[in-house]
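# Residue-level structural notes
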Amino acid sequence: MIELRNLSKSFDGGATFAVSGVSLEVARGELLGLIGGSGCGKTTTLKMINRLEEPDAGRVLINGRDIMAGDPQALRRNIGYVFQGIGLFPHCTVMENVAAVPRLLRWRPEKIRQRCFEALELVGLPMVEFGCRNPAQLSGGQQQRVGVARALAAAPEVMLMDEPFGALDPVTRGQLREEFRAIQQKLGLTAILVTHDMMEALLFADRVAVMKDGEILQVGTPGELLTAPAHEYVSEMVEMPRREATRLERMIREDAAAA
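Residues numbered from 1 in each chain as written. Predicted model: local features only at pLDDT ≥ 70, side-chain atom pairs only at ≥ 80, totals over all residues. Heavy atoms only, no water.

### What about a positive patch on the surface?
- A cluster of basic residues, Arg-243, Arg-247, Arg-250 and Arg-253, forms a positive patch at the surface.
- Checked against the element boundaries, Arg-253 lands in helix α11 (residues 232-258).
- Here Arg-253 falls in the exposed class, since its relative accessible area comes to 53%. (Patch = residues over 30% accessible without salt bridge, like charges linked within 9 Å, V, L, I, M, F, W, Y side chains within 5 Å. Areas by Shrake-Rupley, 256 points an atom, 1.4 Å probe, with all protein chains shown as cover. Salt bridge = Lys/Arg side-chain N within 4 Å of Asp/Glu carboxyl O. Lys, Arg positive; Asp, Glu negative; His and termini not counted. Charge placed at Lys NZ, Arg CZ, Asp CG, Glu CD. Helix = DSSP H or I, 4+ residues; strand = E, 2+ residues; numbered from the N terminus. Buried < 20%, exposed > 50% of the residue type's maximum accessible area, 1.4 Å probe, protein only.)

### Considerations on the pairing of strand β10 (residues 215-220)
- Note: strand β9 (residues 207-212) against β10, five bridges, orientation antiparallel. Its bridge partner being in β10, Val-210 is matched across the sheet by Gln-218. (Pairing = 2+ DSSP bridges.)

### Comments concerning the sheet that holds strand β8 (residues 190-195)
- Pairing is mixed in the open sheet, where six strands are placed in the order β6-β7-β8-β3-β9-β10. The sheet is open, and its two edges are formed by β6 (79-83) and β10, each paired on a single side. The sheet shows a mean angle of 15 degrees between the axes of neighbouring strands, direction not considered.
- Where strand β3 (residues 31-35) lies against β8, five bridges are found, and the strand directions are parallel. Bridged to Leu-34 within β8 is Val-194.
- Of the strands in this sheet, β6 and β7 (158-162) are in contact with helix α7 (residues 140-152), which crosses β6 at around 165 degrees. (Axes fitted to C-alpha atoms, helices over the stretch in contact; angles between N-to-C directions. Contact = heavy atoms within 4.5 Å.)

### Topic: α7
- Taking 1.5 Å as the rise per residue, α7 with 13 residues should run 18 Å; its terminal C-alpha atoms sit 19 Å apart, in good agreement.
- With ten of 13 residues buried, α7 lies mostly within the body of the structure. (Expected span 1.5 Å × (residues − 1).)

Structure representation (structure tokens):
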């Protein structure tokens, strides 16, 4: 479904590379977690998939078609994109925000309204209650839900997510993760989630790609990364959630013994 072939990007004329020779495949209906520290190249990689950044070398194929062969605006309108800043239009209603891409695609008004209704229902914000509100009238979690609904509005097959839940409190973040995962599976979306949180990637994704200094070090299922890390950095990344899980288990045992 999504294929990256030797993708590279430099912002200084080739002196250094933000992304260097990245090759990845994401199967139809799969959710891939792309994880790494700040500045490792994961957001740049994501942006090259919908041509917010142009690659210096390599190819991106979606459904077997090279994305450079068509119009970038048309490409972006058919790829859902969700990011941490949300980016809702503050002076537009919730419905107007969700309807933005379908209107650009010149859908019929009745089709746009129906799709807004469906997308808002999917994210738990019924249009009859929330459609006429402005973003300032919503909580942070509700605003992020509107961002997801807007990304879903044009019925894309591909969803790109860049730290979409990072600014939310832990409880809301966990709820939204679970809700999006259910939506992704229900709709059969092919999705890439950029995150710096290894626990999130391990719990959320079908497979995880670990990135460092612009390169992919390992791609595997959460179980494969936990049991057979192929690089010292990957081992370091999975060690923290492993230690936290062990610490929680010990606390539970100690509390049970003291009761």
